[in-house]
Amino acid sequence: DKKGGKKGKKDKDLTPDRSIESLYEELVKEGILVQYPKVKISEYMGEYSYLGTTLRQANIEPMPSLSDVRRVVTEYGVLPMGSQTVHETAPHVKSIMIAGPHGTGKRMLVNAICSELGANLMDLTAENICGKYPGKAGLTMLLHLVMKVGKLLQPTVVYIGNAEKTFIKKVPKNDMSDPKRLKKELPKIMKKMSAEDRILFVGTSLTPWDGDVKGLCQCYQKIILIPRPDYASRYLLFKLLQPTV
């Protein structure tokens with residue numbers, strides 16, 4: 001079968017003679033496999049949108065609340081990845097992008113997903129992989145290591161900060177991180193992922209409109225918007241942060 005042979009060629013093991021321990025150690029030394037602070041998803045504070053129903057009755061679609069964000073991240077990022085059975089039977093979500101303004105907890109949610117799962121965290125942010133594994137062969141090896149270790153030691157979260165830069169329309173002259181390095185490779189990797197692979201790609205973005213919308217939507221199955229806190233969430237946060245008298 002020609003198609004099967006082609007797929008076999010693509011999935012060739014580039015490190016058949018190396019132990020998983022040595023591959024893991026290499027990723028740690030290169031700063032690809034990173035530690036993260038332990039955070040519970042419940043620590044992402046936010047209140048329900050109490051005006052939601054009223055606005056919908058007036059044919060106005062309300063902005064999502066921080067409570068909605070927490071629920072959606074749990075449904076797409078934590079629950080399926082936490083169980084092999086659920087992951088194989090539920091709709092397969094391979095990638096999500098969390099977009100929102102500064103200080104709204106995008107990276108905190110990534111850390112919370114990892115903490116709830118006890119997952120490995122791989123950082124493929126452009127600035128982090130800049131100068132590492134140079135050239136086309138180097139990039140192939142990097143992605144091979146990430147996917148091989150990620151599958152053998154799953155669950156694994158692959159984090160891409162400033163996700164829009166991968167699909168940026170015009171790279172700024174002062175940006176030396178080669179942000180479009182993964183542009184062609186990411187869709188290929190995700191296409192080959194099966195329901196058995198408990199690997200989740202999570203991108204975060206401050207300015208998603210800077211990237212090519214079509215490319216972003218093809219790469220990230222679910223795009224989660226974090227709005228600025230509404231009145232109810234601000235009240236809750238002030239109440240929790242205010243020192244007791």
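In what follows, the accompanying structure is described. (Residues numbered from 1 in each chain as written. Predicted model: local features only at pLDDT ≥ 70, side-chain atom pairs only at ≥ 80, totals over all residues. Heavy atoms only, no water.)

On to the side chain of Lys-94. Positionally, Lys-94 belongs in the loop between α5 (84–89) and β2 (95–99). Looking at Lys-94, its side chain comes within polar contact range of the main-chain oxygen of Met-193, at 3.3 Å. Apart from the residues within four sequence positions on either side, Lys-94 is in contact with Met-190, Lys-191, Met-193, Ile-199, Leu-200, Phe-201 and Gln-221. (Helix = DSSP H or I, 4+ residues; strand = E, 2+ residues; numbered from the N terminus. Polar contact = N/O pair within 3.5 Å; in protein donor to acceptor, adjacent residues only side chain to side chain. Contact = heavy atoms within 4.5 Å.)

Within the sequence span of helix α9 (residues 185–192), burial applies to Leu-186, Ile-189 and Met-190. Angular distribution of buried residues about the axis of α9 spans 95°; they occupy a single face of the element. (Buried < 20%, exposed > 50% of the residue type's maximum accessible area, 1.4 Å probe, protein only. Arc of directions from axis to C-beta.)

Time to look at the nonpolar core. Grouped together as the largest cluster of nonpolar side chains are 31 residues, with contacts concentrated most on Leu-27, Leu-124, Leu-142, Val-146, Phe-201 and Tyr-220. Of all the secondary-structure elements, those providing two or more residues to this core are α2 (20–29), β2, α8 (135–152), β4 (156–160), α9, β5 (199–205) and α10 (213–219). Element by element, the count of residues in this core is highest for α8, at seven residues. Ignoring any residue separated from it by four or fewer positions in sequence, one finds Leu-124 in contact with Ile-32, Ile-129, Leu-142, Leu-143, Val-146, Val-158, Tyr-159, Ile-160 and Leu-182. Core analysis: the second largest hydrophobic core is formed by 27 residues, Val-72, Cys-114, Ala-119 and Val-157 among them. (Core = buried A, V, L, I, M, F, W, Y, C linked by side-chain atoms within 4.5 Å.)

Moving on: the packing of aromatic side chains. The tally for this structure, following the rule as stated, stands at zero aromatic pairs. Seen from the ring of Tyr-36, Lys-38 lies directly overhead, with NZ or CZ sitting 4.5 Å from the centre. (Phe/Tyr/Trp six-rings, centres within 6.5 Å; stacked < 30°, edge-to-face > 60°. Lys NZ or Arg CZ within 6 Å of the ring centre and 35° of its normal.)

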